[in-house]
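Given next are the chains, with one letter for each unit.
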Amino acid sequence: QVQLVESGGGLVQAGGSLRLSCVASGRTSSNYVMGWFRQAPGKGREFVLAITWRSGGTDYADFVKGRFTLSRDIAKNTVYLEMNSLKPEDTAVYYCAAYYGTGVVRNENHCDYWGQGTRVTVSS
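A few points on the structure. The model shown is predicted, which means the values in this text are computed figures rather than measured ones.

### Let's talk about the overall build of the protein
Move 1: Regarding its fold elements, the protein presents zero helices and eleven strands.
Move 2: Starting at the N terminus and walking to the C terminus, you meet the elements of the protein as β-β-β-β-β-β-β-β-β-β-β.
Move 3: Taken over the C-alpha trace, the protein has a radius of gyration of 13 Å; the compact-globule value for 124 residues is 14 Å, and the two agree within 12%.
Move 4: In terms of overall dimensions, the protein has a C-alpha envelope of 40 × 25 × 25 Å along the principal axes.
Move 5: Residue pairs in contact within the protein that sit at least 24 positions apart in sequence constitute 56% of those at least 6 positions apart.
Move 6: Accessible surface computed for the protein: about 6100 Å², of which carbon and sulfur atoms make up 45%.

Next comes the structure, spelled out in structure tokens:
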């Protein structure tokens, strides 16, 4: 089992920044992928970005390229999501997710573990 705990959500004005963190514990492995999905009010959950733990390779959804950055701290088993130039349409609950593997799969059904979610609200 892997436990994921997110932090860092909150309320920010459009154009502002936030940093989310996700700490993994339990049966972590170098052969897994950690990423973020989000779910806006009244919508389904969508892929945002992910990182492969071993290589550090990343995959970003088009709508966050140039604004969001994902990084990892191997020693802390933590990934960080830096969100800049936030827009009202970024308002959502952001979920950290993880699965065993070596490549990014943008499908929530592929994820084995989920955090509880952290809410991000961007006001206009």
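### Describing the environment of Gly 101
Move 1: Relative to the assigned elements, Gly 101 resides in the loop between strand S9 (92-100) and strand S10 (113-114).
Move 2: A residue is classified by how much of its surface remains accessible, and Gly 101, at 22% relative accessible area, is partly exposed.
Move 3: Between the C-alpha atoms of Gly 101 and Leu 11, which are 90 residues apart in sequence, the distance is 34 Å.
Move 4: Among all residues touching Gly 101, those that are not within four sequence positions of it are Asn 31, Tyr 32 and Val 33.

### Things to note about the nonpolar core
Move 1: Core analysis: the largest hydrophobic core is formed by 30 residues, its most contacted members being Met 34, Trp 36 and Tyr 94.
Move 2: At the level of secondary structure, the elements contributing two or more residues to this core comprise strand S1 (2-7), strand S3 (18-26), strand S4 (32-39), strand S5 (45-52), strand S7 (68-73), strand S8 (78-83), S9 and strand S11 (118-123).
Move 3: Beyond its immediate chain neighbours, meaning those up to four positions away, Met 34 contacts Leu 4, Cys 22, Ala 24, Ala 50, Ile 51, Trp 53, Leu 70, Val 79, Cys 96, Ala 97 and Ala 98.
Move 4: Counting residues in each nonpolar core, the second largest holds eight residues, with Val 33, Ala 50, Ala 61 and Tyr 99 among its members.

### Focus on the state of the cysteines
Move 1: Applying the stated criterion across every chain, the model contains one disulfide.
Move 2: Here Cys 22 pairs with Cys 96 through a disulfide, and the sulfurs are 2.0 Å apart. Linking Cys 22 and Cys 96, the disulfide has an S-S dihedral of approximately -85° and is accordingly described as left-handed. Of this pair, Cys 22 sits in strand S3 while Cys 96 is found in strand S9, placing the two residues 74 residues apart along the sequence. The exposure classification of Cys 22 matches that of Cys 96, with both residues buried.
Move 3: Left unpaired, Cys 111 is separated from the closest cysteine sulfur, that of Cys 96, by 9.3 Å.

Conventions used here
Residues numbered from 1 in each chain as written. Predicted model: local features only at pLDDT ≥ 70, side-chain atom pairs only at ≥ 80, totals over all residues. Heavy atoms only, no water. Helix = DSSP H or I, 4+ residues; strand = E, 2+ residues; numbered from the N terminus. Rg over C-alpha atoms; globule rule 2.2 N^0.38 Å. Contact = heavy atoms within 4.5 Å. Areas by Shrake-Rupley, 256 points an atom, 1.4 Å probe, with all protein chains shown as cover. Buried < 20%, exposed > 50% of the residue type's maximum accessible area, 1.4 Å probe, protein only. Core = buried A, V, L, I, M, F, W, Y, C linked by side-chain atoms within 4.5 Å. Disulfide = S-S within 2.5 Å.

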